[in-house]
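# Overview (structure and organization)
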Amino acid sequence: MQYETTIGLEVHIQLLTDSKIFCSCSTKFGSLPNENVCPICMGMPGVLPVLNEKVVEFAVKLGLSLNCKINKYSVMARKNYFYPDLPKNYQISQYELPILQDGFVEIEDEDGFKEIPLERIHIEEDAGKTIHTSNSSLVDYNRTGVPLLEIVSKPAMNTPSQAYQYLRSLRRIVRYLGICDGNMEEGSLRCDANVSIKPKGQIELGTKVEIKNMNSFKHVEKALEYEIERQIQAVENNQKIIQETRLFDERTFTTKSMRTKEEAYEYRYFPDPDLLPIVIDNKFIEPIKNDLVELPFDKMKRFIKQYSLKEDDVKTLIESKELADYFEQVAKLSNPKSAISWVLTETLGYLNKENKDITQCKIKPVDLADLINLVENNDISGKIAKEVFSKMYESGSPPKTIIENENLTLIQDIGLLEKVLDEAIASNPKAVEQYKLGKKNTIGFFVGAVMKVTKGKADPKIINELIIKKLGEI
Ligand SMILES: [Zn+2]
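On a predicted model such as this, the values are computed, not experimentally measured, just so you know.

## Structural notes on the overall build of the protein
Helix and strand counts for the protein stand at 15 helices and 17 strands. For 474 residues, the compact-globule estimate of 2.2 N^0.38 gives 23 Å, and the C-alpha radius of gyration of the protein, at 30 Å, exceeds that figure by more than 25%. Along the first, second and third principal axes, the C-alpha atoms of the protein reach 95 × 55 × 50 Å. Taking all 474 residues of the protein together, the buried fraction comes to 34%. In the protein, the share of contacts with a sequence separation of at least 24, taken over all contacts with a separation of at least 6, comes to 67%.

## Considering the sheet that holds strand β4 (residues 77–80)
Within a sheet, adjacent strands bond to each other through the backbone by hydrogen bonds, running parallel or antiparallel. With antiparallel pairing, the three strands of this open sheet are ordered in space as β5-β4-β16. Edge strands, defined here as strands with exactly one partner in the open sheet, are β5 (90–93) and β16 (270–271). By the bridge criterion, two bridges tie β4 to β16 in an arrangement that is antiparallel. Across the sheet, R78 pairs through a bridge with F270, a residue of β16.

## Here we look at the nonpolar core
In terms of nonpolar packing, the biggest core is built from 55 residues, with A59, A163 and A193 touching the most fellow members. At eight residues, helix α2 (residues 160–177) tops the list of elements feeding residues into this core. Among residues more than four places away in sequence, those in contact with A163 are I7, L9, M157, A193, V220, E221 and L224. The next biggest cluster of nonpolar side chains, apart from the first, holds 42 residues, and it includes V314, V388, V450 and I463.

## Quick notes on the packing of helix α9 (residues 365–376) against helix α10 (residues 382–395)
With their axes 10 Å apart at the nearest point, α9 and α10 run at an angle of 165° to one another. With respect to α10, the axis of α9 lies roughly antiparallel. Classified by chirality, the crossing of α10 by α9 is right-handed. The residues of α10 that touch α9, namely those facing D367, L371, L374 and V375, are G382, A385, V388, F389 and M392. Residues belonging to the contact of α9 with α10 are distributed by class as follows: seven nonpolar, one polar and one charged.

## Points about the domain arrangement of the protein
Looking at the assigned domains, one finds that the protein contains domain 1 (3–287), domain 2 (294–405) and domain 3 (414–473). If you average the C-alpha positions of domain 1 and of domain 3, the two centres end up 67 Å apart.

## Considerations on the environment of E221
Structurally, E221 is set in helix α3 (residues 217–236). Each C-alpha atom of the pair E221 and I288 lies 34 Å from the other, and the pair is 67 residues apart in sequence. Other than its neighbours up to four places away in sequence, E221 contacts P160, S161, A163 and Y164.

## Quick notes on the pairing of strand β13 (residues 209–212)
Where strand β12 (residues 189–199) lies against β13, three bridges are found, and the strand directions are antiparallel. Within the sheet, the bridge partner assigned to N194 lies in β13 and is E210. What joins β13 to strand β14 (residues 244–249) is α3, and the crossover it makes is left-handed.

## Describing the environment of R78
Within the secondary structure, R78 sits in strand β4. A C-alpha to C-alpha distance of 36 Å links R78 and E4, two positions 74 residues apart in sequence. In this structure, R78 is in contact with Y90, I92, Y269, F270 and D272, ignoring residues within four places of it in sequence.

## Some points on the packing of helix α14 (residues 442–454) against helix α15 (residues 460–473)
For the pair α14 and α15, the least separation of the axes is 10 Å and the interaxial angle reads 125°. It follows that α14 is oblique to α15 by the angle criterion. Remark: the crossing between α14 and α15 carries right-handed chirality. In this structure, α14 uses I443, F446, V447 and V450 to contact α15, whose residues at the interface are P460, I463, N464, I467 and I468. When the residues that make up the contact of α14 with α15 are grouped by side-chain class, the tally is eight nonpolar, one polar and no charged.

## Regarding the environment of S395
Relative to the assigned elements, S395 resides in helix α10. Counting along the chain gives 32 residues from S395 to I363, while the straight-line C-alpha distance between them is 8.1 Å.

## Notes on unusual backbone geometry
Even without a glycine there, the phi angle at N378 is positive, about 60°. A count of 13 C-beta atoms within 10 Å places N378 in the partly exposed class.

Calculation criteria
- Residues numbered from 1 in each chain as written.
- Predicted model: local features only at pLDDT ≥ 70, side-chain atom pairs only at ≥ 80, totals over all residues.
- Helix = DSSP H or I, 4+ residues; strand = E, 2+ residues; numbered from the N terminus.
- Rg over C-alpha atoms; globule rule 2.2 N^0.38 Å.
- Buried ≥ 20, exposed ≤ 12 C-beta atoms within 10 Å, placed from the backbone.
- Contact = placed C-beta atoms within 7 Å.
- Pairing = 2+ DSSP bridges.
- Core = buried A, V, L, I, M, F, W, Y, C linked by C-beta atoms within 7 Å.
- Axes fitted to C-alpha atoms, helices over the stretch in contact; angles between N-to-C directions.
- Parallel < 35°, antiparallel > 145°, perpendicular 65-115°, else oblique.
- Left-handed = near helix turned anticlockwise from the far one by under 90°.
- Nonpolar A, V, L, I, M, F, W, Y, C, P; charged D, E, K, R; others polar.
- Domains from an automatic or database assignment.
- Right-handed = clockwise from strand over helix to strand, strands pointing away.

And the structure:
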């Protein structure tokens, strides 16, 4: 039988606010255990939470970027359950009235661009972290009360690869917006997946299984691949799929049953009596709207059109907003096609070797543009340019300073160049004959010969003219 797969993703992103959602404790990652805690985030009796306005601002920012419906009235709710990492025995979240609904995330897969529709996005607080050792369990409450947005997609993806692209696209967007660093290893972006299969053509969805514990986008893809195959095998063997939560095992790339899935009603959600509803108006939304950044795919499409670039090259650029901005500053001051090649090959090549990113690059965009222009105007050769680049990368100095200091200017002394060329002609009679027989690439051969002697410093324009003149005279 043929099967169809349905995948929905729930992504939690940790917001880049300085303080927690309901108190002034720091959200800094990597602090000592239980360093950033207070009576509010520890859930002591008698304390009152106060909502961090930045959280609402970030939610609206994301909502506008993903074309969501922004609910001007939304409510914080208590999700009740017991777990040691949850000191209040309830998590403050949103249930019936989330801040954002609908909207979509644009992805690109083998068939082109697609919009993956969203169900909702809501605000919630994070729980603490339990660390299990061989004979005890420890709890770190630093993360308790760190603000999160939970982004719930509709069950609208059909392949593990689409799920992978969805995560990549969403992470790029939250990074562009500056609301989350998207670091999955540190847990600032987490993803649970819901997956079900059904016979091809059947409208009703199959029983869904939730998968947790995936620490990278690749793991999400692998977990889904395994789980789809497992469900198909089960159905083929006349077994029933149970609604449950399964854990991904990164050593075996399989999923294992953890527990049967809770239904929402078991959490006894109710509006939090300590918190006022979140009411926002246009006055709050407008400034955020005016301050939105261009989204990655919009940037990509614009770059391809505006600078006549290849999609594959631009894809690398837009992975980071800082890199894309860097490129654009260089491109505006020089030839964009040369700019992309210098940025992707040289700049990224040097940075990758040292495991650095573009924000750590000492070369200013204006200086890289200058270097490109020097080559394009034949002021220096391509070979010298690479040498200059290497020095710019080390020191951050402008190219002209390096060229002057290192005496790398082109040799334009015609007498001297003529002498070098005469010697090259004299010792290569065969090449001269070839030229006479009409082989024009012989010119390149002599340019190479002169460059070798002058260590790449001969002015290529003068050399070219001299060669044509000299060979013509012979
Ligand atoms: Zn606190």
